[in-house]
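# Coordinate analysis (summary)
Each chain, letter by letter, is given below.
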Amino acid sequence: MADDQRSKNDYKDTLFLPATDFPMRGGLPKKEPQMITRWDEMGLYAMLRADAKDREKFVLHDGPPYANGHLHMGTALNKTIKDLIVRTRQMAGFDANYVPGWDCHGLPIEWKVEEAFRGKGRKKGDVPPSEFREECRAYAAKWIDIQRTEFKRLGIEGDWWNPYKTMDFTTEAAIVREFLTFVEKGLVYRGSKPIMWSPVEQTALAEAEIEYHDHQSTTIWVKFPFVQAPEGLEGAQVVIWTTTPWTIPANRAVCYGEGISYGLYEVESVRQDLEFAPFAAPGDRLILADSLAEEVFGAAFVDTFKRIEDVPATKLSGAKLKHPLNGHADSYDFDVHMLSGDHVTDDAGTGFVHTAPSHGQEDYFAWLGAGLPLDAIPYTVGPDGAYTDEAPGFEGRQVFRTEGKKAGKDGDANPEVIKALVEKGSLLARGRLKHSYPHSWRSKAPVLFRNTPQWFIRVGQGEGSLRETALKAIDETTFYPPSGVNRLRGMVEQRPDWLVSRQRAWGVPITLFVDKSGEPLVDEAVNKRIYDAVAEKGADAWFDTPDAEFLGDKYDPADFEKVTDILDVWFDSGCTHAFTLEDRDDLQWPADLYMEGSDQHRGWFQSSLLEGCGTRGRAPYKAIFTHGFVLDDKGLKMSKSLGNVMLPEQVTQKFGADILRIWVASSDVQEDIRVGDEILGSAVDAYRKLRNTLRYLLSGLDGYTEEERVDVADMPELERYILHRLHEVNEKIRASFDAYNFKAAWRALSEFAIQDLSAFYFDIRKDCLYCDAPSSLKRRANRTVMAILLDHLVRLLAPVCPFTAEEVYDHFPAGLGEKKPSVHLLQFADVPGSYRDEALAERWQKLRGIRRVITGAIEEKRNEKLIGASLEAASGVVIDDPALADLAASVDLAELSITSQATLANGQAPDGAHRLPDQPNVAVSISKAAGEKCGRCWRVLPDVPEDGALCGRCADATK
RNA sequence: GCGCCGGUAGCUCAGUUGGUUAGAGCGUACGACUGAUAAUCGUAAGGUCGGAGGUUCAAAUCCUCCUCGGCGCACCA
């Protein structure tokens, strides 16, 4: 080893090099769980509450996730945004108490539990309802535990040990109370409508529970003869087309459109080249929409046909048809009405619509609209999707299979009906059609329209209606983003009455007694007894308690029927505001904010709105914030089949929760956001950079004490400029937090740390920090500013990276003053307005421009291998702008640009000087600095006696 | 099918009421340093602003159509 090498090392000991135990690498996957344990043990949540006890409340009301399954990126995103909101509000000086909740009732859990029972060889029918519900309860409880752990792993702060659950007895009672309020207000009625029915799950489904998938249907064209043909139509038959042959036994009418042009057609010949005989035969006289005739004849393998005459729609008015199954099983001998219908079009089918009022919304309304009686509508299909005895000859045949592996596949109803139609000579043609068809979102099995008695909440129309109240409430709500208002408004404007009954076991019962006329009993005393019983024993109380106990002396149980349906789970979740915000002392009603995915416009936002408006006349929230969905790195939806699913657990295990949180904070969460390896990689890089900046602050403040502190007035301009920037950035970040604009806050924070601090301020002051005497004013000012920066940055970082912020806080040098037990007990600190100095900032903005010219010039010389370290350089700066030259003269350009020397001149630049396009008046020439290199500070200065010896400044500093 | 939202450098995002050569950070490449070192600093490359028309003296920004993606609604007799 050479001598000068050793001497360098000797001087190294005289430097004030940064020192800290704070590690450069985060090691988050290991460290974060320990931090969670520590927060639990110290009771951080309780401390936060106690600390904020008397502050103004800010309530973000949690939309309950469903207590089933592990977290996915969507739920992680959702809870992380909520946590960002809650933490920033808390640190901004509010009491932001976050009470998480879970949605526990409903089909998905029931489905899983049924599966489990089946696995043990027990069919649902064999399991007593109370035992079944007990299992559901246990199942939900299990997943609540799992999800709680997973949410906590993400660093979500909240009342985890006292959350709300829709299955708590008190909650179930509260939901009963809310529902009975609707009843008392006369908003609940029993209707009989065709509704979506899932034969596999044997329940009615709301629109929210339906999804559309492709389904292969058998289509048929069916001929209906006239009972008594209108003049000129003797022997003619009306043709319909349907994709649901199984609804033919329920057919009671055929609709035609008044604006459609119909014609009477006669079959001349049918195709002979087939291996089977077409159902159509020469001489058949058929009535069809003109625009569809050719298509129909094509399907029927008719070779040639002729059009005989027009059939005006008026001619069909009032006509009666024979049912195509007339005589089958000695039945179907009633008349089929021809009805006019606006819904009939001639762009598909035959121009005539087969109408089975028990199996379609439009069919039902067409029937009622014609003034035909409700009780003439048959119930041909039972809850199990099999024909009842109202479909003579087909009893027991299933539309869809409901059991085993083939559940959801076509049953034997269609083939049997088609066979019967063929026997009757009513079939004209058949075919297959692949089209989108409603399916249950849970079982993925197709559903059918079925006419059953159900309970509804009347949303109504016009003045005084629930709809009107809700629309008014929407106007009074703030939406983030503003476009959300259109969406919710559109849905509320259009939605039908709220179907709230379900024929299931796991949920809050519809606690109604119905009298002989079908009207629900409304009696306060009875309702009170019901409420008390449910509060004590849960939903089971409704089913297990004898009716007489509820009804009391006033009513005879024999006069009433007890409803055994349960409530739609959306009603449960719509009540969360009542049993959480209102019933808990540590929250308040209405909520300041509901924050969920944009799909909840149709879900929770709406159910809560209707519930709140129905019972309390206003929305339970003041504002709604929506986030988008998590997509893969190419912008596609994550799905198992695409193999592009990423789980939050993978992220926390590989990188840590703080990384996941940075991903959230740096993304535009109001839109759909992407996630993938590269995107998370950026979050990791940003994290490292920020972590190192904080580490540098910690290490630079090693041994700092209050005595070092310098008044701002006594600080160099550079320090004051940085404090000005801090003020600016702090304002920007705080304002962004207030607007829930986390990406803007994150951007401001990380760009400040990178550009202003790491690449500019720290770089310039490194020499001072390492080499100047501890007593030097400049160094003290530098350390004072570093202390101020650290204090603010750790607070601003805390909501985004709660783990890392806490770790930084742990490593705060003792001299920074008294500490709280956790960084999260701090609030954001105001940066004194006196730090703000626009004039100074403008000057330094210009100086940074000059600096960029110098660093660019150095880089040129570096590429020419003339110099290496910038301290080897001396810069000759020439400025052709007197004011700018004066400004440059007021600072130490060498220090600013981290060169050893600098000269400044006015006027024209020499040839070959470096320039930048945006700095037209600045030119820089670089030469090697004259003198020897100081062995301590490495600057090349004329006052260094020999290479490796000390410069004057260092000689003083080491005395 | 209809409605809403969105498509700006490899990635994440800025781009105010339309106005000079469209910005930042990260990443990349190259280089420097070796006293923030699995760090730090510098320089550079990189975009026909999803596409096509149109309005305008002037459009990433306004209009129309198309396309891709997401969400929602609906129909399918």
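Everything numeric in this text was worked out from a predicted model, so none of it was measured.

Parameters and conventions
- Residues numbered from 1 in each chain as written.
- Chains lettered and ligands numbered in written order.
- Predicted model: local features only at pLDDT ≥ 70, side-chain atom pairs only at ≥ 80, totals over all residues.
- Heavy atoms only, no water.
- Buried < 20%, exposed > 50% of the residue type's maximum accessible area, 1.4 Å probe, protein only.
- Helix = DSSP H or I, 4+ residues; strand = E, 2+ residues; numbered from the N terminus.
- Arc of directions from axis to C-beta.
- Domains from an automatic or database assignment.
- Axes fitted to C-alpha atoms, helices over the stretch in contact; angles between N-to-C directions.
- Parallel < 35°, antiparallel > 145°, perpendicular 65-115°, else oblique.
- Contact = heavy atoms within 4.5 Å.
- Nonpolar A, V, L, I, M, F, W, Y, C, P; charged D, E, K, R; others polar.
- Near = heavy atom within 4 Å.
- Polar contact = N/O pair within 3.5 Å; in protein donor to acceptor, adjacent residues only side chain to side chain.
- Core = buried A, V, L, I, M, F, W, Y, C linked by side-chain atoms within 4.5 Å.
- Pairing = 2+ DSSP bridges.
- Salt bridge = Lys/Arg side-chain N within 4 Å of Asp/Glu carboxyl O.
- Left-handed = near helix turned anticlockwise from the far one by under 90°.

Listing the buried residues of helix α28 (residues 882-889) in full gives L884, A885, L887 and A888. Projected onto a plane normal to the axis of α28, the buried residues spread over an arc of 160° and lie on a single side. Exposed side of α28, more than 90 degrees from the buried face: P882, A883, D886 and A889 are the residues found there.

The next subject is the domain arrangement of chain A. According to the domain assignment, chain A contains domain 1 (217-383 + 420-434), domain 2 (675-836) and domain 3 (839-928). On a C-alpha basis, the centres of domain 1 and domain 2 stand 79 Å from each other.

Across the interface, helix α21 (residues 657-665) lies against helix α22 (residues 677-700) with an axial gap of 9 Å and an inter-helix angle of 110°. Classified by the angle their axes make, α21 and α22 are roughly perpendicular. Side by side, α21 and α22 meet where D658, I659, I662 and W663 of the first sit next to I679, L680, A683, V684 and Y687 of the second. Along the lines of polarity and charge, the residues of the contact of α21 with α22 split into 8 nonpolar, no polar and 1 charged.

Neighbouring residues of RNA strand B: 64 residues in total, closest T243, V353, R487, D672 and K743. What you see for RNA strand B is that sugar and phosphate hold 76% of its atoms within 4 Å of the protein. One nitrogen or oxygen atom from the main chain of H354 is found 2.8 Å from a sugar or linking oxygen belonging to RNA strand B. In this structure, G635 approaches RNA strand B through a main-chain N or O atom, which is 2.7 Å from a sugar or linking oxygen. Put simply, the parts of the chain that give the surface near RNA strand B at least two residues each are β7 (236-242), β14 (352-355), β15 (427-440), α13 (484-494), α22, α24 (742-771) and α27 (838-863).

Moving on, we come to the nonpolar core. Core analysis: the largest hydrophobic core is formed by 148 residues, its most contacted members being L789 and I850. Counting residues per element, this core draws most heavily on α24, at 15 residues. The residues that make up this core include at least three from each of domain 2 (675-836) and domain 3 (839-928). With near-sequence residues (within four places) excluded, L789 lies in contact with L697, I722, L726, F752, L757, Y761 and F762. If you look at the next biggest cluster of nonpolar residues, it comprises 59 residues, including F179, L512, I530 and L567.

Moving on, we get to the sheet that holds strand β28 (residues 901-906). If you trace the 4 strands from one edge of the open sheet to the other, you get β28-β27-β30-β29, paired in mixed fashion. The sheet is open, and its two edges are formed by β28 and β29 (914-916), each paired on a single side. Pairwise comparison of adjacent strand axes, ignoring direction, gives a mean angle of 25° for this sheet. Direction of pairing for strand β27 (residues 873-879) relative to β28: parallel, over a ladder of 6 bridges. Bridge pairing links G876 to T903 in β28. Relative to the sheet, α27 contacts β27, β29 and β30 (919-928), its axis offset from that of β30 by approximately 40°. Across the sheet, α28 touches β27, β28 and β30, and the angle it forms with β28 is around 155°.

Strand order in the open sheet formed by 4 strands is β12-β13-β8-β14, and the pairing between neighbours is mixed. The outermost strands of the open sheet, each flanked by one partner alone, are β12 (320-322) and β14. Strand-to-strand twist of the sheet, defined as the mean angle between neighbouring strand axes without regard to direction, takes the value 30°. Examined bridge by bridge, strand β8 (residues 253-256) and β14 share 4 bridges and lie antiparallel to one another. When the bridges of β14 are listed, C255 appears paired with V353.

Turning to the pattern of salt bridges, a few remarks are in order. Counted by the stated rule, this structure contains 68 salt bridges. E114 is paired through a salt bridge with R118; the nearest N and O atoms lie 3.9 Å apart. Of this pair, E114 and R118 both sit in helix α5 (residues 107-119), separated by 4 residues, roughly a single helical turn. A relative accessible area of 44% places R118 in the partly exposed class. Taken together, the shared-partner salt bridges connect R177, E178, E582, D583, E611 and R616 into one network.

Once that is clear, we can look at the environment of D10. Relative to the helices and strands, D10 is located in helix α1 (residues 3-12). Residue classification places D10 among the partly exposed positions, given a relative accessible area of 48%. The sequence separation of D10 and G935 amounts to 925 residues, and the corresponding C-alpha distance is 9.1 Å.

Another point: the packing of α22 against α24. The relative placement of two packed helices is expressed as an angle between their axes plus a distance between the axes. Where α22 meets α24, the axes come as close as 10 Å, and the angle between the chain directions of the two elements is 40°. Judged on the interaxial angle alone, α24 and α22 are oblique. Between α22 and α24 lies a crossing whose hand is left-handed. Across the interface between the two elements, A686, K689, L690, T693, Y696, L697 and G700 from α22 touch W746, L749, A753, I754, L757, S758, F762, K766, L769 and Y770 from α24. A class-by-class count of the residues in the contact of α22 with α24 yields 12 nonpolar, 3 polar and 2 charged.

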